[in-house]
Amino acid sequence: MSFKQKFRQLKKLPTWIYWFPATLMKLSFRFLYRYELIDPLNLAQDPSKIIAITWHNRLMFICMAFPKQAMYKTSAVISASRDGQYLSDFMKFFHVKALRGSSSKKGANALLGAIREIESGRNVVFTPDGPRGPKYVIKNGPVVVASKTGGAVVPIVLNASKCWSLKSWDNFQIPKPFSTLQMIVGEPIYVPADADENTIEFFRKKAEQALLSITVDPADAVKKDADAKH
């Protein structure tokens with residue numbers, strides 16, 4: 001059995017092993033990038049009962065774009081897969097609590113956990129086009145949580161002026177050094193209590209369009225995305 005195969009069989013790595021990459025990311029965010037925040041309502045400064053949605057391919061540096069006090073009050077819905085376990089352990093170094101589950105595995109557990117978090121006054125972050133896509137198409141989980149709790153769905157996106165785009169289902173983006181990272185926080189979307197299926201779908205589309213409206217793909221990422229489709 002090859003080293004790669006043995007590694008992929010490991011369901012959990014020692015937590016300390018994430019210290020170096022987490023520290024490296026923090027330093028690179030501070031010294032290698034310019035950062036801009038567009039947040040007209042100041043929702044990122046001291047959020048409460050916010051159901052944030054962001055694209056799966058923009059996860060890199062998203063935690064560092066928020067003030068620390070916001071991260072202490074935030075939980076993230078993360079896949080129940082092995083890769084999700086790696087990410088959960090990594091996120092501990094950014095003070096983010098993990099809620100394990102996704103649309104494809106243990107989804108009900110994740111939604112119930114998200115509802116409890118919002119009802120306790122915390123915030124929850126979803127990557128609603130994950131864990132397997134399709135890219136830029138959100139699922140209805142965040143809208144259901146908003147309807148059950150009265151929390152606001154808030155679209156948030158981290159746009160990089162220049163990035164590398166991987167050949168994964170979401171074309172995961174790695175911002176290039178010395179590029180500008182711009183985090184945009186959109187207007188909150190409130191969903192009626194106990195919404196029926198049609199209402200949930202209406203607000204799902206509304207949330208999706210709101211997130212797309214603040215999403216900017218740099219030219220190099222768009223080109224690689226187009227090349228991958230041919």
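Given the structure is predicted, the values throughout are model-derived calculations rather than measurements.

*Asks:* Residues and numbers for the nonpolar core, please.
*Replies:* With 33 residues, the main nonpolar core has Phe61, Phe66, Ile156 and Met183 as its most contacted residues. For this core, the secondary structure elements donating two or more residues are α2 (19-31), β2 (50-53), α3 (68-71), β3 (74-78), α4 (82-91), β6 (152-160) and β9 (180-185). Ranked by residues supplied to this core, first place goes to β6 with five residues. Among all residues touching Phe61, those that are not within four sequence positions of it are Met25, Ser28, Phe29, Tyr33, Leu158, Pro175 and Leu181.

*Asks:* How would you explain the packing of aromatic side chains if you had to name every residue and give the values?
*Replies:* As enumerated under the stated definition, the model contains seven aromatic pairs in all. Their ring planes at 35 degrees and their centres at 5.8 Å tell us that Phe29 and Phe61 sit as a pair that is tilted. With Phe29 in helix α2 and Phe61 in the loop between β2 and α3, this residue pair connects regions lying 32 residues apart in the sequence. In this structure Phe29 comes out as buried when scored by relative accessible area, which is 13%. For Phe61, a relative accessible area of 2% puts it in the buried group. For the pair Trp55 and Tyr136, a centre-to-centre distance of 4.8 Å together with 45 degrees between the ring planes defines the contact as tilted. Taken together, the residues span a long stretch of sequence, with Trp55 in the loop between β2 and α3 and Tyr136 in the loop between β5 (123-126) and α6 (141-149) at a distance of 81 residues. Here the two residues Trp55 and Tyr136 agree in accessibility, since each one is buried. Following the ring pairs from residue to residue traces out a cluster consisting of Phe29, Tyr33, Tyr35 and Phe61.

What counts and how
Residues numbered from 1 in each chain as written. Predicted model: local features only at pLDDT ≥ 70, side-chain atom pairs only at ≥ 80, totals over all residues. Heavy atoms only, no water. Core = buried A, V, L, I, M, F, W, Y, C linked by side-chain atoms within 4.5 Å. Buried < 20%, exposed > 50% of the residue type's maximum accessible area, 1.4 Å probe, protein only. Helix = DSSP H or I, 4+ residues; strand = E, 2+ residues; numbered from the N terminus. Contact = heavy atoms within 4.5 Å. Phe/Tyr/Trp six-rings, centres within 6.5 Å; stacked < 30°, edge-to-face > 60°.

Taken by themselves, the reported measurements are silent on function.
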